[in-house]
Amino acid sequence: MTAAPPAAAAGDTISGRPARPNRPRRFADDARNEAYWARIIARVDSAPPLTDEQRCVIRAAFHQPEDRRAA
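One numbering rule holds for all chains: residues counted from 1, following each sequence as written. Local features are withheld for residues below a pLDDT of 70 in this predicted model, meaning they are given only at 70 or higher, and side-chain atom pairs are given and counted only at 80 or more; totals for whole chains, interfaces and linings count all residues. Side-chain metrics rest on all non-hydrogen atoms present in the structure, leaving aside hydrogens and water.

1. A word on the overall build of the protein
Point 1. Counting its regular elements, the protein contains 4 helices and 0 strands.
Point 2. Going along the chain from the N terminus, every DSSP run of H or I of four or more residues is numbered as a helix, and every run of E of two or more is numbered as a strand. Its helices and strands taken in sequence order, the protein reads α-α-α-α from the N to the C terminus.
Point 3. The rule is simple: take the accessible area with a 1.4 Å probe, protein chains only, and divide by the maximum for that residue type; under 20% is buried, over 50% is exposed, in between is partly exposed. Put simply, the protein has 71 residues, and 11% of those count as buried.
Point 4. In this analysis, two residues are considered to be in contact whenever any of their non-hydrogen atoms come within 4.5 Å of each other. Look at the contacts in the protein between residues 6 or more apart in sequence, and 41% of them connect residues 24 or more apart.

Here you go:
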């Protein structure tokens, strides 16, 4: 498995998805770190786009009122 070039992973907009932010470093070894993120990017890119209903559910989960979060 080959890692995607850093320039492509940092700013591509394949399938209309926004450019990816800088990724945190998961491993000290550069090759292992690049391979890890290449696998993650490949999985995300192969997933179907979210439906509007799925977006609403995710948005609602992250935008709960403070009262509900404390419970």
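2. Focus on the environment of F27
Point 1. Tracing the chain through its elements places F27 in the loop between α1 (6–11) and α2 (30–46).
Point 2. Setting aside its immediate chain neighbours within four residues, F27 contacts R32, N33 and Y36.

3. A few points about the confidence of the model for the protein
Point 1. The predictor reports its confidence for every residue as pLDDT, a score running from 0 up to 100. Of the residues in the protein, 63% reach a pLDDT of 70 or more, and the chain-wide mean stands at 76.
Point 2. Within the model, the stretch residues 5–13 combines pLDDT values under 50 with 11 contacts to residues more than four positions away or in other chains.

4. Thoughts on a nonpolar patch on the surface
Point 1. Each patch groups residues whose relative accessible area exceeds 30% and which form no salt bridge, using 9 Å between like charges and 5 Å between nonpolar side chains of Val, Leu, Ile, Met, Phe, Trp and Tyr. Per-residue accessibility takes into account occlusion by the displayed protein chains alone, with areas from the Shrake-Rupley method and a 1.4 Å probe. Counted as salt bridges are all cases of a side-chain nitrogen of Lys or Arg within 4 Å of a carboxyl oxygen of Asp or Glu. A surface patch of nonpolar side chains, about 310 Å² in accessible area, is lined by L50, I58 and F62.
Point 2. Tracing the backbone shows L50 in the loop between α2 and α3 (52–62).
Point 3. L50 sits in the partly exposed class, given a relative accessible area of 41%.

5. Quick look at the packing of aromatic side chains
Point 1. Aromatic pairs are defined between Phe, Tyr and Trp rings, using the six-membered ring for Trp, whenever the two ring centres lie within 6.5 Å; interplanar angles under 30 degrees are classed as stacked, those over 60 as edge-to-face, and all others as tilted. Scanning all chains against the criterion turns up 2 aromatic pairs.
Point 2. Here F27 and Y36 contribute two aromatic rings whose centre-to-centre distance is 5.5 Å and whose plane-to-plane angle is 75 degrees, an arrangement assigned as edge-to-face.
Point 3. Ring geometry for Y36 and W37: centres 5.0 Å apart, planes at 85 degrees, overall edge-to-face.
Point 4. Its relative accessible area of 19% is what places Y36 among the buried residues.
Point 5. Among the aromatic residues, those joined into a ring-pair cluster are F27, Y36 and W37.

6. Side note on the pattern of salt bridges
Point 1. According to the stated counting rule, one finds 2 salt bridges in the structure shown.
Point 2. The partner of D30 in a salt bridge is R25, with the nearest N and O atoms 2.6 Å apart.
Point 3. Across the salt bridge formed by D52 and R55, the nearest N and O atoms sit 3.0 Å from each other. One end of the pair is D52 and the other is R55, both in helix α3 and 3 residues apart, which spans about a single turn.
Point 4. On the accessibility criterion, R55 (35% relative accessible area) is partly exposed.

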